[in-house]
Structures are given as C-alpha cells and as structure tokens.
Amino acid sequence: MRLLNTTFILFVLIFILFEALKFTGVTFPVWTTSYLNDFLCMPIILTVCLKMAHYLTKDRSIKISIAQALALTCFYAIYFELILPQFLDRYTADLVDVLLYFIGAILFLFLQASDDLKQKTLP
C-alpha cells in the first residue's frame with residue numbers, strides 16, 4: 001500500500017479513536033486536545049480531495065499542487081482561526097493551530113511526492 005494511503009488511514013483512525021475516547025470521558029493532556037486535530041486536518045482533507053479528483057476524473061495521475069494545498073490550507077486557517085472565533089465561543093484564534101495546518105499540508109505534499117517518486121522508479 002502506498003505511503004499516502006497508509007498515513008491517511010492511520011490519521012483517520014487516530015482521529016476517530018481520539019474523539020471516541022474524549023466522548024467517553026477520557027482526559028488527555030491539554031496539548032493533545034488543543035492541537036492534535038489541527039495537525040491531522042490537512043493531510044486528511046487533502047487526501048480526500050485527491051481521491052475525489054481521481055474518482056471523478058478517472059485519472060490517477062492527478063496530483064494536488066503546492067499552490068492548491070497552500071490555498072486550501074489558507075482557507076482553513078482563515079475560516080477556523082479568524083472568522084469562526086468571532087461568532088462561536090467554541091472556536092479560539094490560535095497561531096499554533098495555523099502552524100499545524102501548514103505542517104500537515106507540507107506533510108501531505110511530501111507523502112504525495114514520495115509516492116509519485118516510488119511509482120516512477122518501480123519497473
């Protein structure tokens with residue numbers, strides 16, 4: 001299985017397990033409840049976008065560009081860190097969240113490039 005797919009499945013499972021345990025009352029360190037989902041967000045979202053593009057176009061050679069990944073990450077950062085905190089108390093503006101969105105997007109781009117490189121070098 002390709003590295004991006006494996007990482008996607010792992011990140012989704014971590015997210016589901018983390019949310020299920022929080023729901024049942026398990027307490028976690030503050031840094032995990034504040035930052036884990038922000039780190040997981042962009043690799044999960046960008047992989048879903050990539051898989052949808054593959055499905056809709058039937059073209060598995062499509063890749064998400066750096067510009068597309070950064071644009072979507074900027075959208076998420078602006079929406080969740082600037083707009084929503086003004087209207088909902090549940091959301092707080094946090095620069096660390098923005099940094100983690102971008103780290104996650106860079107991780108996605110690295111994994112996508114790694115998978116592409118592996119496919120080109122295989123016989």
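Just above sits the structure.
Note that this is a predicted model, so its numbers are computed, not measured.

J.: What is the right way to read the overall build of the protein chain from this model?
T.: Looking only at helices and strands, one finds 4 helices and 0 strands in the protein chain. Along the chain direction, N to C, the helices and strands of the protein chain fall in the order α-α-α-α. Principal-axis analysis of the C-alpha atoms gives the protein chain an extent of 50 × 30 × 25 Å. Residue burial in the protein chain is summarised as follows: out of 123 residues, 29% are buried. Intrachain contacts of the protein chain at a sequence separation of at least 6 include 65% that bridge at least 24 residues. Across the protein chain, 9 positive and 9 negative side-chain charges occur, with their mean positions spaced 14 Å apart.

J.: How do you make sense of the nonpolar core when you look at a structure like this?
T.: For soluble globular proteins, the rule of thumb is that nonpolar side chains tend to be buried together. Counting residues in hydrophobic clusters, the biggest one holds 15 residues, and the most contacted among them are Met 42, Leu 46, Ile 64 and Phe 108. Elements with a contribution of two residues or more to this core: helix H2 (30-57), helix H3 (66-87) and helix H4 (95-121). Residues within four places of Phe 108 in sequence aside, it is in contact with Leu 4, Pro 43, Leu 46, Thr 47, Leu 50 and Ile 64.

J.: Looking at this model, I keep getting lost on the state of the cysteines. Mind explaining?
T.: Throughout this description, disulfide means a covalent bond between two cysteine sulfur atoms. By the definition in use, this model includes 0 disulfides. With no disulfide of its own, Cys 41 lies 10 Å from the sulfur of Cys 49, the closest cysteine sulfur. Summary of cysteine pairing: Cys 74 is not part of a disulfide, and the nearest cysteine sulfur, belonging to Cys 41, is at 13 Å. For Cys 74, a relative accessible area of 35% corresponds to the partly exposed category.

J.: For this particular structure, what's the right way to read the pattern of salt bridges?
T.: For side chains of opposite charge, pairing can occur when their charged atoms come near one another. By the definition in use, this model includes 2 salt bridges. Residue Arg 2 is joined to Asp 115 by a salt bridge in which the shortest nitrogen-to-oxygen separation is 3.6 Å. Here Arg 2, found in the segment before helix H1 (3-23), pairs with Asp 115, found in helix H4; they are 113 residues apart in sequence, far enough to count as distant. The exposure class assigned to Asp 115 is buried, which follows from its relative accessible area of 3%. The salt bridge involving Lys 22 is made with Glu 19; its shortest N-O contact spans 3.3 Å. Of the two residues, Lys 22 and Glu 19 are both situated in helix H1; the distance of 3 residues between them amounts to about one turn of the helix. On the basis of relative accessibility, which here comes to 25%, the residue Glu 19 falls in the partly exposed class.

About the thresholds
Residues numbered from 1 in each chain as written. Predicted model: local features only at pLDDT ≥ 70, side-chain atom pairs only at ≥ 80, totals over all residues. Heavy atoms only, no water. Helix = DSSP H or I, 4+ residues; strand = E, 2+ residues; numbered from the N terminus. Buried < 20%, exposed > 50% of the residue type's maximum accessible area, 1.4 Å probe, protein only. Contact = heavy atoms within 4.5 Å. Lys, Arg positive; Asp, Glu negative; His and termini not counted. Charge placed at Lys NZ, Arg CZ, Asp CG, Glu CD. Core = buried A, V, L, I, M, F, W, Y, C linked by side-chain atoms within 4.5 Å. Disulfide = S-S within 2.5 Å. Salt bridge = Lys/Arg side-chain N within 4 Å of Asp/Glu carboxyl O.

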